[in-house]
Amino acid sequence: MPAVRIALSQFRPSKGEYAENVARIGGVVTQAAQLDPKPDLVVFPETATSGYFVEGGVKELAVTAGTLARDLAAAYQGPPIDVTVGFYERFQNHIYNSALYVTLGGKTPDVRHVHRKVFLPTYGVFDEERFVDRGQDGVRSFETSWGGKAAILICEDAWHSLAATVAALEGAQLLIVPSASPARGLDEDPGCEDETLPVSVVRWERIVRGIAEEHGVFVALANLVGFEGGKGFPGASAVIDPTGRVIARGPLFEEALLTADLDLDSLTTARSDSPLLADLQSALPVLTKSLSGQKQTQKVKFDPASNGSPTPHAVSRSSTPLHAVEFAGRDPLAIDPELTRRWLVSFLKDEVVRRRGFEKGLVGLSGGVDSALTAFLAAAALGKDNVIGVRMPHRTSSPESLEHAQLVIDKLGIPSLTIDISDAVDGYLKQIGDADPHRLGNIMARQRMIVLFDLSAKHKALPLGTSNKSERLLGYFTWHGDDAPPVNPLGDLFKTQVWELARHVGVPEEIVGKPATADLIKGQTDEGDLGVSYLNADRILYHLIRGEEPRGFTKEEVEIVRKRLDSTHWKRRLPTVAVLSQTAIGEFYLRPVDY
C-alpha cells in the first residue's frame, strides 16, 4: 500500500464557543490540505469544538454528529480529506464525549464513524460521568477513504489495554487517540532524549508506545493545548510506528500542526518480527474460557509423579548469595526548573491574555521571593512593558522590603508605582481604636488588595497572585487579602520549589536567600510564626495531602503542620452558602470559572 500522510493538530479551543471553534478547525483543515503532499487525514483532539472542562455546559454545547459534519463541511474549502474531531455529542437523547470521523470535500460530508468514549474518568481533576453518558457501542474498526482501517480510542479508553486489543483484533491498522489530558507532575526524569516532560506526558507516551508495539499498529495521539481553570493541556502530540518508535512529536504548550508518513506495508514486517497479535488471535479462545466462569470452581488437573528417582536424602548445598539493591531516593519535591518556567509562562499567557482579554498584569511587589518570581514570570509571558510593579509600603514596613522590590523593578525594567497605604490604614484605625499586631497585619493585606484591584480598573491590568502552595495549605495568608487575585502562577508550588525556580529565572540572591517574612509585624518571620522550617513543612505537607504519614520528622513538627492544614480548609473555599434549591451555584449550576 502507498504511504499514508496524517496531520495532528494541537488545537487550543475557545472555551464554550462552538461556532468559533468549528470555523477555526475548518481553517486548519484548509491549511493542511494545501500542504505538499496533502495529508490523507487530519486529527484534532478530544472536545476540540468546545474545550474539555465545561461541566454543566455540555448540554448547551453538545451537537449531533450530523450537525458537526455539516458545519465542518461548510467551514472547509479544499479537496477530499478525512478529518477526526472530538466533540460533545447528542445522540438518541443522550450526551456523549465523542469523536467524529468524516470525509470532507465531496458534495456532502461522508460520516464514516463516530466513537463514543467508553471509559469516563471520575478521579483527580476529572468528573466526566457526572455530565456525559458512557458509550455503549464499544470499540470498532472502520474503513477510511485512504484505503486502510482505523479505530478511535478517546483519552482514557487507551489506558485500558483491552480496548486497544479489541481494535487491533478488528483489523485496525491505525489507532487514533484524541486526548484532553491536563499536564500533571514535575518530578520526572527526562522522558525523551534530553528533554524533561511532565509526568503525565511521559506516562502517555509510554502507554501509546506499548499499544503500538504489542499490537503492531500505528498510533496517532492528538492532545489539546491551552489552559482551562489553571489546568494546562500540554500538547506533545505524537505519532508512533508499529515497533513502538516515536516518529513525530509536537511541542509543549503550543499550537502546532505536525505531519507524519505511515508506511502501512511496515505493519507486515513489524507483525512478522513480533507476532504478538497473531499469537493473541490464536490464544483468544483459550483465554476467554476463563471469562465464562464455568471452570472457576474446578480444581486444576495434573498428572501424578511417574518419572525420575526420589531423592529423600539430598544434601543441601549453600544457597546463592542475595544482594539487595538500593535505589537512591529522589526528592519528591524536585522539579525541572526550565520545564516549570515554560509551563507557568504559558499559563500566564493563556489566562491573562487569551482567556480574560487583558494585555497587562499588576504585581504587588513586597520585596519577597514570591512576588519577585511572579514578576519575572509575568514579564516573560506578557512583556516587560505590560507588567506594572506596585510597591505598597506602610510606615512600619522594613526599608529593605522597599529596596528589594525596587531591585526587581530595575532588573526587569518594568513600569512601577509606589502607593503608601499608611494614611488609609491609620485613618481607619483612628476611627475604631488601636488594633493588635495581627489585626493590623490583616488590615494592611486587605488594603493592598483594594489598591491592586482599583489600579486594575484604572490601568486595565489584571492583578496577579503571589501566594505559594505552602502558605495556602498552612492557611498562612489573609483571607480575601494576599490570596485574592484571580490568577496565581505560584499556587501549586511549595515554598522550597519557589526558591529553586526563583534562582533559575534570575531573581537576585539577596531576595531568594533572606528569611521569608510577610513584613506585617516588625521582626516577624514566616518560620518563626509557623514553628517549623519550610524545608520540613513542605515535606510534611507533601505526605499529609497524599494521605501518607510523614516519617523522619519530630512528632511536634508533624502535629504543627497537621493542625494548620486541618483547621484552615475554610480559607481555601468560597463562602459556604445554604443550599435551598435545585439550581444552587456550585452544587447544581456548574460552570467552570473560565467558561
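The following refers to the structure shown. Please read these numbers as outputs of a predicted model, since none were measured by experiment. (Residues numbered from 1 in each chain as written. Predicted model: local features only at pLDDT ≥ 70, side-chain atom pairs only at ≥ 80, totals over all residues. Heavy atoms only, no water.)

Moving on, we get to the overall build of the protein. In terms of helices and strands, the protein carries 18 helices and 18 strands. Dimensions along the principal axes, computed over C-alpha positions, put the protein at roughly 90 × 85 × 50 Å. Put simply, the protein has 595 residues, and 49% of those count as buried. Within the protein, residue pairs in contact and separated by at least 24 positions form 72% of the contacts whose partners lie at least 6 positions apart. Counting every atom, the protein has about 29300 Å² of accessible surface; 51% of that belongs to carbon and sulfur. A distance of 3 Å separates the average location of the 64 positive side-chain charges in the protein from that of its 77 negative side-chain charges. (Helix = DSSP H or I, 4+ residues; strand = E, 2+ residues; numbered from the N terminus. Buried < 20%, exposed > 50% of the residue type's maximum accessible area, 1.4 Å probe, protein only. Contact = heavy atoms within 4.5 Å. Areas by Shrake-Rupley, 256 points an atom, 1.4 Å probe, with all protein chains shown as cover. Lys, Arg positive; Asp, Glu negative; His and termini not counted. Charge placed at Lys NZ, Arg CZ, Asp CG, Glu CD.)

A separate point is the pairing of strand 15 (residues 360-364). Within strand 15, four of the five residues are buried, leaving the element largely enclosed by the surrounding structure. In this sheet, strand 18 (residues 461-463) lies alongside strand 15 in parallel orientation, the contact comprising three bridges. Along strand 18, the bridge assignment pairs Gly361 with Leu462. Direction of pairing for strand 15 relative to strand 16 (residues 387-391): parallel, over a ladder of four bridges. Bridging from a neighbouring strand, Leu362 pairs with Ile388 of strand 16. (Pairing = 2+ DSSP bridges.)

One way to put it is that helix 9 (residues 369-382) packs onto helix 10 (residues 399-412) with a least axis distance of 10 Å and a crossing angle of 15°. Here helix 9 lies roughly parallel to helix 10, going by the angle between them. The hand of the helix 9/helix 10 crossing is right-handed. Listed contacts from helix 10 to Ala372, Ala375, Phe376 and Ala379 of helix 9 are Val408, Lys411 and Leu412. Here the residues of the contact of helix 9 with helix 10 are counted per class, giving six nonpolar, no polar and one charged. (Axes fitted to C-alpha atoms, helices over the stretch in contact; angles between N-to-C directions. Parallel < 35°, antiparallel > 145°, perpendicular 65-115°, else oblique. Left-handed = near helix turned anticlockwise from the far one by under 90°. Nonpolar A, V, L, I, M, F, W, Y, C, P; charged D, E, K, R; others polar.)

Quick look at the nonpolar core now. Of all hydrophobic cores here, the largest spans 64 residues; its most connected members are Leu348, Leu365, Val408, Leu464 and Val561. The leading source of residues in this core is helix 9, at ten residues. Beyond its immediate stretch of four places on either side in the chain, Val408 contacts Leu365, Ala372, Ala375, Phe376 and Ile511. (Core = buried A, V, L, I, M, F, W, Y, C linked by side-chain atoms within 4.5 Å.)

That's the geometry; what it means functionally is another story.
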